[in-house]
Amino acid sequence: AQTVTQSQPEMSVQEAETVTLSCTYDTSESDYYLFWYKQPPSRQMILVIRQEAYKQQNATENRFSVNFQKAAKSFSLKISDSQLGDAAMYFCASANTGNQFYFGTGTSLTVIP
Amino acid sequence: GAVVSQHPSRVICKSGTSVKIECRSLDFQATTMFWYRQFPKQSLMLMATSNEGSKATYEQGVEKDKFLINHASLTLSTLTVTSAHPEDSSFYICSANVAGMNTEAFFGQGTRLTVV
């Protein structure tokens, strides 16, 4: 079984500033993957960043980076130089090797101009 | 990236009727597709795993006789909500992964179901 917890229902950030979204997870899988997805008002799920659990190096994707602490089962997302287009619902997710995703409850991010 | 298309994007049906939602992988073959349900302002909950050519695997608490899943080809999975009830009103999203590429899931744009 896998559970994902996002403790921040809402976050806000000033444009051009940095914000960190928190996520913790629990899994009995030995091999798993972690993700951050963005869901704008259109409801389309957009992959932000992905991390293989067996990799120690934190994933980065342009302005997006993660802080993966495997022992603590923590997987936070840092958004640097926040832009208005970053405003959305952000979901943390874990997936097993069978591609079944388990999502957190989401964090609504507001970017203040 | 790979494209997954859902149809319809919105549907309204009367209580007691059935409604079918299609999930298609447009430019790749998907041996496995997944169906999720999302209530307003809540997370996506995995309902079932749809396997091409075999029976779907349902998550605990999901009624398989109510949510019929068919995955007859490598590019199409369908979810049929039978005897729809207002409680079934929700946002349904499918995802698919490219065969041979584990954990590279692509999501459809979702279907908003309203049962009146």
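Everything that follows concerns the structure shown earlier in this document.
About the criteria used
Residues numbered from 1 in each chain as written. Chains lettered and ligands numbered in written order. Predicted model: local features only at pLDDT ≥ 70, side-chain atom pairs only at ≥ 80, totals over all residues. Heavy atoms only, no water. Contact = heavy atoms within 4.5 Å. Buried area = accessible area lost by both parts, 1.4 Å probe. Salt bridge = Lys/Arg side-chain N within 4 Å of Asp/Glu carboxyl O. Polar contact = N/O pair within 3.5 Å; in protein donor to acceptor, adjacent residues only side chain to side chain. Helix = DSSP H or I, 4+ residues; strand = E, 2+ residues; numbered from the N terminus. Core = buried A, V, L, I, M, F, W, Y, C linked by side-chain atoms within 4.5 Å. Buried < 20%, exposed > 50% of the residue type's maximum accessible area, 1.4 Å probe, protein only. Phe/Tyr/Trp six-rings, centres within 6.5 Å; stacked < 30°, edge-to-face > 60°. Lys NZ or Arg CZ within 6 Å of the ring centre and 35° of its normal.

A. Structural context of the interface of chain A and chain B. The interface is formed by 21 residues belonging to chain A together with 20 residues belonging to chain B. Summed over both partners, the interface of chain A with chain B comes to about 1,800 Å²; 48% of that surface belongs to carbon and sulfur atoms. The largest per-residue losses of area from chain A upon contact with chain B belong to Arg-43, Asn-99 and Phe-103 of chain A, which jointly make up 35% of the total buried on that side. The interface formed by chain A and chain B holds zero salt bridges in total. Our count for the chain A to chain B interface comes out at seven residue pairs in polar contact (both at pLDDT 80 or more). Within the residue set of the side of chain A that touches chain B, elements represented by two or more residues are strand E5 (32–39), strand E6 (46–52), strand E10 (88–96) and strand E11 (101–103) of chain A. With four residues, the top contributor of residues to the side of chain A that touches chain B is E5 of chain A.

B. Highlighting the nonpolar core. In terms of nonpolar packing, the biggest core is built from 25 residues, with Val-4, Phe-28, Trp-35, Leu-79, Tyr-92 and Leu-113 of chain B touching the most fellow members. Going through the elements one at a time, strand E2 (10–13), strand E3 (19–25), strand E4 (32–38), strand E5 (44–51), strand E7 (67–73), strand E8 (76–81), strand E9 (90–97) and strand E11 (111–115) of chain B are the ones with two or more residues in this core. Apart from residues lying up to four places away in sequence, Leu-79 of chain B is in contact with Val-19, Lys-20, Ile-21, Trp-35, Phe-67, Leu-68, Ile-69 and Tyr-92 of chain B. Listed in part, the 24 residues of the second largest apolar core include Leu-21, Tyr-25, Trp-36 and Cys-92 of chain A.

C. Structural view of the packing of aromatic side chains. Evaluation of the coordinates by the stated rule reveals 16 aromatic pairs over all chains. Plain terms: the ring middles of Tyr-37 of chain A and Phe-107 of chain B are 5.1 Å apart, the flat faces sit at 80 degrees to each other, and that makes the pair edge-to-face. Within this pair, whereas Tyr-37 of chain A is found in strand E5, its partner Phe-107 of chain B is found in strand E10 (residues 105–107), the two belonging to separate chains. The exposure classification of Tyr-37 of chain A matches that of Phe-107 of chain B, with both residues buried. Over the ring of Phe-91 of chain B we find Arg-43 of chain A, and its NZ or CZ is 4.1 Å from the ring centre.

Just distances and angles here, no functional claims.
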